[in-house]
There are 2 protein chains.
Amino acid sequence: MIKTLINGKMTDCVASTDRGLLYGDGLFETIAVIDGSMRHWPRHLSRLQAGCDRLGIEAVDGAALAHECQSLAGDSAKSVLKVIVTRGSGGRGYRIPDKPSPTRIVQLHDWPAYPPACAERGVAVRVCNARLGHHPALAGIKHLNRLEQVLARQEWEDADIMEGLLLDSAGYLIEGTMSNIFLVRDETLLTPDLLRCGVAGIMRTRVLELADRLPIDVQICPVKMKHLQEADEVFICNSLIGIWPVVAVDASDYGKGAVTVQLQALLDSCPDTGNNWQI
Amino acid sequence: MIKTLINGKMTDCVASTDRGLLYGDGLFETIAVIDGSMRHWPRHLSRLQAGCDRLGIEAVDGAALAHECQSLAGDSAKSVLKVIVTRGSGGRGYRIPDKPSPTRIVQLHDWPAYPPACAERGVAVRVCNARLGHHPALAGIKHLNRLEQVLARQEWEDADIMEGLLLDSAGYLIEGTMSNIFLVRDETLLTPDLLRCGVAGIMRTRVLELADRLPIDVQICPVKMKHLQEADEVFICNSLIGIWPVVAVDASDYGKGAVTVQLQALLDSCPDTGNNWQI
């Protein structure tokens, strides 16, 4: 069941001239609601505003948006808010209109039924054939141009494969279709830098901050497939799944490692007081 | 003024769950209507079907779509049809639903008021800073992920600059934001290959076919900036503008050349009986 507010009104009708539809000219956020609380709200809002800034879309009224989100979420025990901000309608072709009026869409979705075993025992993933193109101007932000992910997700049907990993056009490991990836290797926690492509997940920033409490080095850097093959631990994360250990990548097996388990425990036990995100 | 049909009905309402909006999961065509006739219709339909095939979207009923387009266009002296086909609503995240029901949008727009001097005397263009990422799986088709073009078009305000040229992330010249590009150099007509990025325009195919009638070689190949700098003639084309000579690229001037003029004349005088498009 989906409930929707568009520009504050209970409707599900978007104009066919909206540039979100015509060009993917906009941004989105996927926010976990637990016991009526919007998890990591300040971080989501921060990334959304940064995305608006990057695309040249007028900044969102954060307080009004929070109010709309909260009014839809109510005291829901567990649900998902999806927020979409587009540039709105208008302009001739790609050229943006002189005074665009952004469209603000808030949808409340059911919580996805992921098996608890994914977080407890870990998941199998595959490496996709689809590659991410390089777009430094779009890297990191969560914009609406997502055909790369749609095509990648079409590559497998096997319900036991929970995620597909994406390399960029230069062959570097970047992320999953819906998650960020971390490796543990030589006592170091590694995650790919997202300077040329990829989405900088809120949970990725949260993991990077929590990892400061562990006695390991943390590196944000280019990651090669060789690093993945030689990793001691692999995990993926996003705002809905938290942290899932990766126990298989195609034919390679990995153990559910100690660092992954420690980070899962910290994620459960440490309240999040942060308000930023990072690429 | 815009008139719209969505799935055959007079409405302008697209569901906020439509994957065209959520992910840019769809395709479009921009079709010139002149004296009630949809120019190059078989080619547009062919590219649209190829795009559906590439994205795994159910093939469009071409006869029904033509009927809808013609009913909107009527006997319009000069207007523009925009056709959008999305995968429709549904699916969990990027995963496509089991039986998606595509959304078919037909919009009738006013003809854009381009100054006649553009075709007659030629236009000034600039080279954009924005670069096109490599996406072989998406190259050539006219999909809805167009943030690269939106960002590129934001780079200039000068009304005398009629187009921005785009290089790919490797530095090759690919196209304009809304047009394809041709160069004449050493008695050869060159246009960039679109194997890694770019949109294969209907007018580009038409020009390539017409060029067979001229005593020059034609090459579809990687094009470097050096080729542009050394070109004897440069022109851009699309379905609405036809052929516009390019007389300036940033600080470099070009003449309106003989091959460009011959191709403009052929375009006006030869009826189009073709039904294909090419990358």
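Residues numbered from 1 in each chain as written. Chains lettered and ligands numbered in written order. Predicted model: local features only at pLDDT ≥ 70, side-chain atom pairs only at ≥ 80, totals over all residues. Heavy atoms only, no water.

Participant: Is there a simple way to think about the state of the cysteines in this case?
Facilitator: Two cysteines joined by a covalent bond between their sulfur atoms form a disulfide. Going through the model one piece at a time under the given rule, you end up with 1 disulfide over all chains. There is a disulfide in this structure between A:Cys13 and B:Cys13, and the S-S distance comes to 2.3 Å. In this pair, A:Cys13 is assigned in strand S3 (residues 13–15) and B:Cys13 in strand S3 (residues 13–15), connecting two distinct chains. Judged by its relative accessible area of 31%, B:Cys13 is partly exposed. Its sulfur unpaired, B:Cys221 is 14 Å from the next cysteine sulfur, which belongs to B:Cys197. (Disulfide = S-S within 2.5 Å. Helix = DSSP H or I, 4+ residues; strand = E, 2+ residues; numbered from the N terminus. Buried < 20%, exposed > 50% of the residue type's maximum accessible area, 1.4 Å probe, protein only.)

Participant: Help me out: how do you make sense of the interface of chain B and chain A in this one?
Facilitator: Put simply, an interface is often sized by how much accessible area is lost when its parts join up. Each partner contributes residues to the interface: chain B has 55 residues there, and chain A has 55 residues. Overall, the association of chain B and chain A removes approximately 4,400 Å² of surface from exposure, summing both partners, and the carbon and sulfur fraction of that is 61%. The largest per-residue losses of area from chain B upon contact with chain A belong to B:Leu21, B:Tyr94 and B:Leu147, which jointly make up 18% of the total buried on that side. Applying the counting rule to chain B against chain A returns 2 salt bridges. Notably, a salt bridge pairs A:Glu157 with B:Arg95, separated by 3.4 Å at the nearest N-O pair. Here chain B and chain A share 18 residue pairs in polar contact (both at pLDDT 80 or more) between them. Residue assignment for the side of chain B that touches chain A shows that the elements contributing at least two residues are strand S1 (3–6), S3, helix H1 (19–23), helix H2 (41–55), strand S6 (78–86), strand S7 (103–110), strand S8 (123–132) and helix H5 (147–153) of chain B. Among the elements that take part in the side of chain B that touches chain A, H5(B) stands out by supplying 6 residues, more than any other. (Contact = heavy atoms within 4.5 Å. Buried area = accessible area lost by both parts, 1.4 Å probe. Salt bridge = Lys/Arg side-chain N within 4 Å of Asp/Glu carboxyl O. Polar contact = N/O pair within 3.5 Å; in protein donor to acceptor, adjacent residues only side chain to side chain.)

Participant: Honestly, the side chain of A:His143 in this entry has me stumped. Any pointers?
Facilitator: Mapped onto the fold, A:His143 is located in the loop between strand S8 (123–132) and helix H5 (147–153). A residue is classified by how much of its surface remains accessible, and A:His143, at 7% relative accessible area, is buried.

Participant: What am I meant to see in the sheet that holds strand S2 (residues 9–10) of chain B here?
Facilitator: Strands in a sheet are paired, the pairing made by backbone hydrogen bonds, and the direction either parallel or antiparallel. Residue and element names in this part refer to chain B. Reading across the sheet, the 6 strands line up as S2-S1-S7-S6-S4-S5 and stay open at both edges, with antiparallel pairing between neighbours. Two strands in the sheet have a free side with no partner beyond their single neighbour: S2 and strand S5 (37–38). The strands touched by H2 within the sheet are strand S4 (26–34), S5 and S6, with S4 carrying the most contacts at an inclination of about 175 degrees. (Pairing = 2+ DSSP bridges. Axes fitted to C-alpha atoms, helices over the stretch in contact; angles between N-to-C directions.)

Participant: Explain the sheet that holds strand S4 (residues 26–34) of chain A here, please?
Facilitator: All names here are of chain A. Sheet architecture is open: 6 strands sit in the order S2-S1-S7-S6-S4-S5, paired in antiparallel fashion. Sheet topology places strand S2 (9–10) and strand S5 (37–38) at the edges, where each strand pairs with a single neighbour. Here strand S1 (residues 3–6) pairs with strand S7 (residues 103–110) via 4 bridges, running antiparallel. The residue of S7 that forms the bridge with Ile6 is Ile105. Strand contacts of helix H2 (residues 41–55): S4, S5 and strand S6 (78–86), with the helix running at about 175 degrees to S4, the strand carrying the most contacts. Most of the contacts of helix H3 (residues 62–73) go to S7, to which it runs at about 25 degrees, and overall it touches S1, S2, S4, S5, S6 and S7.

Participant: Would you mind showing me how to read the pairing of strand S14 (residues 233–238) of chain A here?
Facilitator: Regular strands place side chains that alternate from one sheet face to the opposite one. Residue and element names in this part refer to chain A. Most of S14 sits out of view: 6 of its 6 residues are buried. As paired strands, S14 and strand S15 (residues 242–249) are joined by 4 bridges and run antiparallel to one another. Looking at the pairing, Phe235 lines up with Pro245 of S15.

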